[in-house]
Amino acid sequence: MGTSQSREDYITDSDYEEESESEDSSQYDDAPETTSSPSSSSSSQPGTKTLNSLDEVDAKLKSLKLKYPIPKNRNLKNPVKLYRHIGGNTPTAKWVVSDKITSYSFVKTQKTIDGNDSDDDEESENSDFGDGFWVLKVGSKVRAKVSTDIQLKMFGDQRRVDFVSNSVWALKFPSDPEYRKFVTEFQDCLFENVHGLRATEENKVKVYGKDFIGWVKPEAADDSMWEDADDGVGKSPEYVTPVRGNRHLLEEFEELANGGVQSLALGALDNSFLVSDLGVQVYKNFNNGIHNKGVSVRFDGGSSQIGSNSTPKKAMLMRGETNMMLMSPMKEGKPHASGIKQLDIETGKIVTEWKFEKDGADITMRDITNDTKGSQLDPSESTFLGLDDNRLCQWDMRDRGGIVQNLLKGDSPVLNWNQGHQFSRGTNFQCFASTGDGSIVVGSLDGKIRLYSKTSMRQAKTAFPGLGSPITQVDVTYDGKWILGTTDTYLVLICTLFTDKDGKTKTGFGGRMGNKIPAPRLLKLTPLDSHLAGTDNKFHGGHFSWVTEGGKQERHLVATVGKFSVVWDFQQVKNSAHDCYRGQQGLKSCYCYKIVLKDESIVQSRFMHDKFAVTDSPEAPLVVATPLKVSSISLSGRR
């Protein structure tokens, strides 16, 4: 796949065609005024037919099919020029003029957006219109709910915005004030649709809190903490969406999997693992990726004792990567599990089936993870972290009573609740991750991201407000300085650094960050790529590249959407002078990335441990798993 920058990032009126012949200039241009008088008729040149009436003059002008510049219609409210992108990512892709001049409006409606415009909808431009939601209307061709789903992208230097609504559209504004007026209105309507409150300064502070004024007004945020980018970053590299066969950008090794791949468990030592419907496949780790060893543990009710009707959705390596914890949801579509199974990788057998229990009552977990970023390498590891909707805890596999469990009798040993907290209803935890020192970051359904120190799971040291979208995946750098949250339509990158009252630089895991919290960055797809990814596809599985050593910095970020693995350069995203950020209003959004395109929807994309990076590559290989294949991709150091 390839998306040309010239086809998307710049529109020149003279280079682009009209969408259809029916939309020529006569539909929008007013005919110039013509006057006639006896004197003008008598002064006609010899051989020239005299036009004796205004009707004849008008008919003659129309027959010439003259095209005049579009006049400025002073009476048209919110005038814009509407473009539509056609051709997808083919060589013939281009922008076409859909309406040479039309108008836009933000209206409030209580009707469901079904992709079709309707004149019968009950709509109003009054923001007090019941409990409805704001809709963007452009002429008779666009009607879209104001949300992050439309992937609005701003081009301040062109007085233009692009967005998705069944097709990919662009609006060009006649002046800079008109452009800025639209962007401000859009952001205010988005705030109201998300939070149910009018976008007043008072309500913004109510939603985000006075300590997060930079999230409300990014221009007022203290972004000095973002300035840790290396010197000499220079001009941002050109936006590139590489074609799979473009060997100087990507080198790929692909193998067939056994089918039905559910998850990927990468190891930092000798092996990595694919968990599929049939079992666990073992892969050998190399500097150019992972290669199938032809060894697997089957889920067929045999010696593995897993059973074919309980395919695990979550796999976690432990104890020097010799054991794997497998967690299966209780019901399809429900992520909660009542226990986990411990697989001994060397023997291929389930050695223990553990139950989740607290104070004698069975409980569930929705997610598990290692105590720290590198603890899966510890051969003596016996604890791990657990998360449920309103619980955060650490489990201990050591039996306090020293009882030997007998699996043949169906005994299910109980994990020991080592430490943690059961919160009151309403936290709606969704996902979590740990740092190199054991601090914990938790993402929630309401979009909040909470930071817990390694010493206490009861009270969050810092709680970042949500931007309106649920956090479905969260990751954190080894040093705890950066957090990556995944939502359906974008990724949010947060800097946790702050300076305390003594002038010391700390992270939000270790103390209250105060009121000078840096504004986050958003990582998004362009409207065109978002459209090509498919209407039902959502971002999932956002991760940093993988390091387990203090002083090393992660180099890339990766997330999956549909058939795309999307890779951002971490150093570039942090650089405040990056080209993407120029002329943007509101939170800064980065659109510079590389796309790896596969033939089917991607299950998971993860970078291997940085020990597998080689000298001519800036990063360890990227492993991309689909239901039927696994690919190892080495990023070239050349742009």
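Residues numbered from 1 in each chain as written. Predicted model: local features only at pLDDT ≥ 70, side-chain atom pairs only at ≥ 80, totals over all residues. Heavy atoms only, no water.

With an unreviewed UniProt entry as reference, the protein chain is termed Vacuolar import/degradation Vid27 C-terminal domain-containing protein, source organism Dipteronia sinensis.

In this section: the overall build of the protein chain. When helices and strands are tallied, the protein chain shows 8 helices and 42 strands. The long-range fraction of contacts in the protein chain, counting pairs at least 24 apart against all pairs at least 6 apart in sequence, stands at 58%. Carbon and sulfur atoms form 46% of the exposed surface of the protein chain, whose accessible area is close to 29,700 Å². (Helix = DSSP H or I, 4+ residues; strand = E, 2+ residues; numbered from the N terminus. Contact = heavy atoms within 4.5 Å. Areas by Shrake-Rupley, 256 points an atom, 1.4 Å probe, with all protein chains shown as cover.)

Further remarks concern the pairing of strand β18 (residues 349–355). Regular strands place side chains that alternate from one sheet face to the opposite one. Relative to β18, strand β17 (residues 339–344) runs antiparallel, the two sharing 6 bridges. Within β18, the residue paired with D344 across the bridge is K349. Where β17 hands over to β18, the hairpin turn is made up of 4 residues, of which G348 adopts a positive phi near 75°. (Pairing = 2+ DSSP bridges.)

Inspection of every chain in the model, using the stated rule, returns 22 salt bridges. One continuous salt-bridge network, built from bridges that share partners, spans E252, E254, K598, D599 and K629. (Salt bridge = Lys/Arg side-chain N within 4 Å of Asp/Glu carboxyl O.)

As a further point, take the confidence of the model for the protein chain. Caution applies to low-pLDDT parts of the model: their predicted coordinates are not meant to be read in detail. Of the residues in the protein chain, 76% have a pLDDT of 70 or more, and the chain-wide mean is 81. Here helix α2 (residues 38–42) stands out as the element of the protein chain with the lowest mean pLDDT, 36, in contrast to strand β29 (residues 473–476), whose mean of 98 is the highest. In the predicted structure, residues 21–49 sits below a pLDDT of 50 and forms 30 contacts with residues beyond four places in sequence or in another chain. Segment residues 229–248: pLDDT under 50, and 46 contacts once partners within four positions in sequence are set aside and those in other chains are kept. (pLDDT = per-residue confidence, 0-100.)

This part covers empty space enclosed by the protein. The method is simple in principle: a probe with the dimensions of a water molecule rolls over the atoms, and the space it marks as empty is what remains. Taken as a whole, this structure holds 2 cavities of 30 Å³ or more when the rule is applied. Space inside the largest cavity adds up to approximately 70 Å³. In terms of lining residues, the largest cavity is bounded by 13 residues, among which G447, P465, L467, I471 and V492 are the most central. (1 Å grid on protein atoms, 1.4 Å probe; cavity = no way out; pocket = protein on both sides within 12 Å on 5 of 7 lines; lining within 4 Å. Points joined across faces, edges and corners; volume = space filled by probe spheres on them.)

Moving on: the sheet that holds β29. Read from one edge of the open sheet, 5 strands run β29-β30-β31-β34-β38, paired in mixed fashion. The open sheet terminates on both sides in strands that have one partner only, identified here as β29 and β38 (589–590). Across 5 bridges, strand β30 (residues 482–486) lies against strand β31 (residues 491–495) in antiparallel orientation. Looking across to β31, one finds that I483 is bridged to I494.

What follows is about the sheet that holds strand β25 (residues 429–434). Reading across from one edge, β25-β26-β27-β28 is the order of the 4 strands in this open sheet, with antiparallel pairing throughout. In this open sheet, the two strands that pair with only one neighbour each are β25 and β28 (462–464). On average, each strand axis in the sheet is inclined to that of its neighbour by 20°, with strand direction left out of account. (Axes fitted to C-alpha atoms, helices over the stretch in contact; angles between N-to-C directions.)

Unusually for a residue other than glycine, R159 sits at a positive phi of about 55°. We classify R159 as partly exposed; its relative accessible area is 32%. With phi around 50°, N428 is a residue other than glycine that occupies positive phi space. Summarising the element assignment, N428 is placed in the loop between β24 (416–422) and β25. Looking at N428, the relative accessible area reads 31%, which means it is partly exposed. (Buried < 20%, exposed > 50% of the residue type's maximum accessible area, 1.4 Å probe, protein only.)

Direction vectors running N to C along helix α4 (residues 176–195) and helix α5 (residues 201–208) enclose 50°, while the axes themselves pass 12 Å from each other. Classed by the angle they form, the pair α4 and α5 counts as oblique. Relative to α5, α4 is oriented so that their crossing is left-handed. Of the residues in α5, those in contact with D188, F191 and H195 of α4 are N203, K204, V207 and Y208. Class assignment of the residues belonging to the contact of α4 with α5 gives a composition of 3 nonpolar, 2 polar and 2 charged. (Parallel < 35°, antiparallel > 145°, perpendicular 65-115°, else oblique. Left-handed = near helix turned anticlockwise from the far one by under 90°. Nonpolar A, V, L, I, M, F, W, Y, C, P; charged D, E, K, R; others polar.)

On to the environment of K284. Note on placement: K284 falls in strand β13 (residues 279–286). In this structure the C-alpha to C-alpha distance between K284 and N271, which are 13 residues apart in sequence, comes to 4.6 Å. If we ignore the near neighbours within four places in the chain, the residues touching K284 are D270, N271, G289, I290, H291 and K293.

This structure, assessed with the given rule, holds 20 aromatic pairs. Aromatic pair F212 and W215: ring centres 5.4 Å apart, planes at 90°, arrangement edge-to-face. Their ring planes at 85° and their centres at 5.7 Å tell us that W482 and F570 sit as a pair that is edge-to-face. On the criterion of sequence distance, the pair formed by W482 in strand β30 and F570 in helix α8 (residues 570–574) is long-range, its members being 88 residues apart. The class of W482 is buried, set by a relative accessible area of 0%. Taken together, the aromatic side chains of Y104, F106, F173, Y179, F182 and F186 make up a single cluster linked through ring pairs. One cation-aromatic arrangement involves K145 over F133; the distance from NZ or CZ to the ring centre is 4.8 Å. (Phe/Tyr/Trp six-rings, centres within 6.5 Å; stacked < 30°, edge-to-face > 60°. Lys NZ or Arg CZ within 6 Å of the ring centre and 35° of its normal.)

Next up on the list: α4. Relative to the 28 Å expected for 20 residues at 1.5 Å per residue, α4 spans 29 Å between its end C-alpha atoms, a close match to the ideal helical length. All buried positions along α4 are accounted for by Y179, F182, V183, F186, C189, F191, E192 and N193. Count one or two residues on from α4 and you reach G196, which has phi positive near 75°. (Expected span 1.5 Å × (residues − 1).)

What follows concerns α5. Buried within α5 we find N203, K204 and Y208. Down the axis of α5, the smallest arc covering the buried residues is 120°, so these residues share one side. More than 90 degrees from the buried face of α5, the exposed residues found are E202 and K206. Residues of α5 that are buried make contact with α4 and α6 (213–216). Where α5 terminates, the next one or two residues include G209, which has phi positive at roughly 90°. (Arc of directions from axis to C-beta.)

Where burial is concerned, most of strand β35 (residues 539–544) is hidden: 5 out of the 6 residues are buried. In the sheet, β35 pairs with strand β36 (residues 556–561) via 4 bridges, with the strands oriented antiparallel. When the sheet's bridge partners are listed, H540 is paired in β36 with T560.

Okay, the state of the cysteines next. Enumeration over the complete set of coordinates arrives at 0 disulfides. With no disulfide of its own, C590 has C580 as its nearest cysteine by sulfur position, at a separation of 4.4 Å. (Disulfide = S-S within 2.5 Å.)

With that settled, the discussion passes to the side chain of S147. With respect to the helices and strands, the residue S147 is situated in the loop between β6 (142–145) and β7 (153–155). At a separation of 3.1 Å, a polar atom in the side chain of S147 contacts the main-chain amide nitrogen of D149. Those residues in contact with S147 that sit more than four places away from it in its chain are F186 and L190. (Polar contact = N/O pair within 3.5 Å; in protein donor to acceptor, adjacent residues only side chain to side chain.)

Quick look at the environment of E254 now. Relative to the assigned elements, E254 resides in strand β10 (residues 250–256). Judged by its relative accessible area of 32%, E254 is partly exposed. Considering only alpha carbons, one finds E254 and G289, 35 residues apart in sequence, at a separation of 9.5 Å. In this structure, E254 is in contact with K598, K629, V630 and S631, ignoring residues within four places of it in sequence.

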